[in-house]
Structure formats: structure tokens, C-alpha cells
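What follows is the residue order along each chain.
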Amino acid sequence: MLCFIRKVKIPLVAIWLPGRHPPTKRATIQSEVARISLYDLDLDALEAQLAAWGEPRAQARALAREIWRYLYREYSITPHDITPLPSSLQSQLHEEVSIPHPTLLRETLSPEGSTRKVLLGLEDGAQIEAVLLRYRRRYTACVSTQVGCACGCRFCATGHMGFVRQLARGEIVAQVIHFQRWLSEQDQAVSNVVFMGMGEPLLNLEETLGAIQRLTDPRGLAFAPGRITISTAGVAPGIVRLAEIHHHWPTKLAISLHAATDDLRDTLMPINKAYPLEDLYAAVATYTSQTGRRVLFEWVMIADINDSPEQAEALATWLRGLPAHVNLIELNPTAGYAGAPSSPEAVTAFSAILDRYAIPHTMRQRRGGSIYAGCGQLCVPSTRAEGTGPPPM
């Protein structure tokens, strides 16, 4: 199976989660965008493109660096914004390339002003949500990697959308630049990036890694890899792949666990049927041994579902031997899930068991829930898939 994204063919290994619908036409056939996305090109590829248009090699190198500076330091929106370029080259860029600047369709600010959620329109009409979180003087961009998601986590609004399509690396980077552009007007900047928005990053791994390469390029946005966190629902082969390339991009890893027994995790997170807890543990053990990194495990506290002492004991047992930190999260309301947040008493009892096993843990500060920008709440109902296609790998 081949998926077409901006004229780049990406081979897919289809993994159909048990009980999920087969792929639909909307989910598997992508529109081809004829023009080249500048955000999809690295600096060497940009230089080669200019040379292919007839620029002398030395001139192509100088022009590429100038374009790069305007893209990632000046946050230019159109080729005509890159004023040092010859007018003829500006015109050629305008005709043959695009700067995938998403259209701001809606912006919602939380009452306390610390969370900003945006609905962004993409070139083909697809829509995604992204979030900017403020912690004192630090800003974290929460970005999406897919339109929709095929993982189908029961408590996640994005999972209820189904899988629509992958995002190209340029579309991922453009979300960060959208927030950078807004913050630069206030002499501020994004300090951290978390891949915790719509979609499963490790089921769009090559584009996710391409975006990370662009984000960490010292000649561009220059994020330190340690300020980037990738969150996964537990795609075991992707976790092993992150271990293999960790020496290039030593990013942080977060895993949405939410249950410590296969029967419960199968119910809450159907991806567990493809990558059960035994496989997930092996992948995490490989990751921690090869990288020396501690892994953050996320656990949404759901009343009478996964907040029992038995689940806490099972979690402590499962984590044995892994350098881990558990992040307990209050369940956010979503239209498609009737579960309720755990009571304070249940959270306290759960935490006490983790304390007894000396497992580091925190209760995450709730952000954005009132504007549906919190964990599991991002969703674009207008782009709901007719059925959920296989998670591309």
C-alpha cells in the first residue's frame, strides 16, 4: 500500500487493530499537492533545488541559506516576504513551491489565559488542532502528527474521529512556527515541543523524525532535542526505532499506558491487541538500556475503571526494572466517553501504593480542560472519517 503526501511515496505496513473498521477511501487516498513544500526540504535539498533551477552552485548555497533564515528565523509566510532574493527567483518560488502556512480558523483562550487552542486549516481542506501552553515565562507547543487517529482509545476524542490522513513533516513544523510567529510579536518564543496533539507520532514515524530534524537544526529553529517529547500509545517497533536513532536526536519519550493488565488495556486502548504489554515492556526495556533515559508513563485516572488498588499494584509490578516516572492525569470530559474522573480519595490511595513501591509519580496540573484543549480532548468533528483505517507504520 502506498500513501501519497506531497508527491513523496511512503511505504506503509498496514496493521489493522482487531475490531476496527477497514480503511475507507477518504482515509487511504491522499491528495497530491503539486507544489514543493519548503518546510519539507532540508537545507541541502533546498540548495539542490535551486541548483536544478539553474543557479550556480555557490550562489545556490548562499540563496538557500538566506531562504532558510527567512523561513525559520523571520517566519516568512510567502516567497515574496523573502526580500533579499532577486525578483525572478521570488516569482519562480511563488509558482513552484509553497510555504505551508496553515490558516487560523478558530482560536480559543482558556479563562486563566494559560492555554491557547487553535484550529488550523491545511492546504487540502483538512483541519487539525494544536495547543500552546504557558508555564510562567515558558511556552510549550503541543502539535499534531495526523489528521485524526486510528488507535481508537476509548477516552480520546481524536480516536473517535478515526484516521483521515498523515501530516507531512512540513505541516508538523508549520504548527510550531505558527506559535513562534505569534510569540515573536511579544519578544517570546516556544521553549518546548510535545508531540501529544492529534494522532499517533510513531505511526507517522518518518515524517515525525523529519519534523524533529527540522526543529533541532541549529541553523533554523535550533530546539535542543531534550526539549522535545514524543508521546506514543505504545507502538513497540517505533519505540525500538527511537532507541536506535537516539544518538542523533536524544528526545524524551512518554508512553500512554492507562492500564497494567492486558484485558483492561485491550478495552481502553485497542492498540494493545497489536502490541500487548509484554511486547511494550520489551520495547521500553530496549529503549532505556540503549539510551539511559527515564520514560514518562501517562495514566488517565478513570473512576472505577483503572483507579483500583489492584491496577496500582499491577502497575508497580509491570514497571519493575524500568527507570520510570508516572504522570497521573485527571480524566477530561469528551463527548464520546461516559467515564468520570477518579475521586480524590481514589487518587490518594493509588498514589500511596506507588509510594510504597518507591515509584516516582506526580499528578499533572490540569490545563485547558474548559476549552477542550486538554489530554484526549482534541477533535475536529467536521473531518470525521467514515471508518477507521489501519495505522500506517
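This text goes with the structure placed above it.
The paragraphs below set out a description of the structure included in this document. (Residues numbered from 1 in each chain as written. Predicted model: local features only at pLDDT ≥ 70, side-chain atom pairs only at ≥ 80, totals over all residues. Heavy atoms only, no water.)

A word on the pairing of strand 15 (residues 324–330). For strand 15, the buried fraction is high: six of the seven residues fall into the buried class. With seven bridges joining them, strand 14 (residues 295–301) and strand 15 adopt parallel strand pairing. Considered in strand 15, the bridge of glutamate 298 is made with asparagine 327. Two strands pair when backbone bridges link them, and strand 15 and strand 16 (residues 361–363) are joined in this way by three bridges, in the parallel orientation. By the bridge assignment, asparagine 327 is partnered in strand 16 with threonine 362. At this point the chain moves from strand 15, through helix 12 (residues 344–356), to the parallel strand 16, and the crossover so formed is right-handed. (Buried < 20%, exposed > 50% of the residue type's maximum accessible area, 1.4 Å probe, protein only. Helix = DSSP H or I, 4+ residues; strand = E, 2+ residues; numbered from the N terminus. Pairing = 2+ DSSP bridges. Right-handed = clockwise from strand over helix to strand, strands pointing away.)

A few words on helix 11 (residues 309–318). In an α-helix, one turn spans 3.6 residues, which is why side chains three or four residues apart end up on the same side. Among the residues of helix 11, Gln311, Ala312, Ala314, Leu315, Ala316 and Trp318 are the ones counted as buried. Check the buried side of helix 11 and you find it contacts helix 9 (262–268), helix 10 (277–291), strand 14, strand 15 and helix 12. (Contact = heavy atoms within 4.5 Å.)

This brings us to the packing of aromatic side chains. Within the structure shown, the criterion is met by five aromatic pairs. Geometrically, the ring pair formed by tyrosine 281 and tryptophan 318 is edge-to-face, given 5.4 Å between the ring centres and 85° between the ring planes. Placement of tyrosine 281 in helix 10 and of tryptophan 318 in helix 11 is noted, with a sequence separation of 37 residues between them. Looking at tyrosine 281, the relative accessible area reads 25%, which means it is partly exposed. Using a relative accessible area of 11% as the deciding quantity, one classes tryptophan 318 as buried. (Phe/Tyr/Trp six-rings, centres within 6.5 Å; stacked < 30°, edge-to-face > 60°.)

Quick look at the packing of helix 2 (residues 43–52) against helix 3 (residues 57–72) now. Where helix 2 meets helix 3, the axes come as close as 8 Å, and the angle between the chain directions of the two elements is 130°. In terms of their interaxial angle, helix 2 and helix 3 are classed as oblique. For the element pair helix 2 and helix 3, the recorded crossing hand is right-handed. Contact residues: Leu43, Leu46, Glu47, Ala48, Leu50 and Ala51 in helix 2; Arg57, Ala60, Arg61, Leu63, Ala64, Arg65, Ile67 and Trp68 in helix 3. Residue composition of the contact of helix 2 with helix 3, grouped by class: ten nonpolar, no polar and four charged. (Axes fitted to C-alpha atoms, helices over the stretch in contact; angles between N-to-C directions. Parallel < 35°, antiparallel > 145°, perpendicular 65-115°, else oblique. Left-handed = near helix turned anticlockwise from the far one by under 90°. Nonpolar A, V, L, I, M, F, W, Y, C, P; charged D, E, K, R; others polar.)

The next point concerns the pairing of strand 12 (residues 228–232). One face of the sheet, then the other: side chains in a regular strand alternate in exactly this way. Counting buried positions over the five residues of strand 12 gives five, a clear majority of the element. One ladder, built from three bridges, connects strand 11 (residues 192–195) with strand 12; its direction is parallel. Bridging from a neighbouring strand, phenylalanine 195 pairs with isoleucine 230 of strand 12. Viewed along the sheet, the connection from strand 11 through helix 7 (residues 205–216) into strand 12 turns out right-handed. Looking at chain direction, strand 12 and strand 13 (residues 252–256) are connected through four bridges and run parallel. Across the sheet, isoleucine 230 pairs through a bridge with leucine 253, a residue of strand 13.

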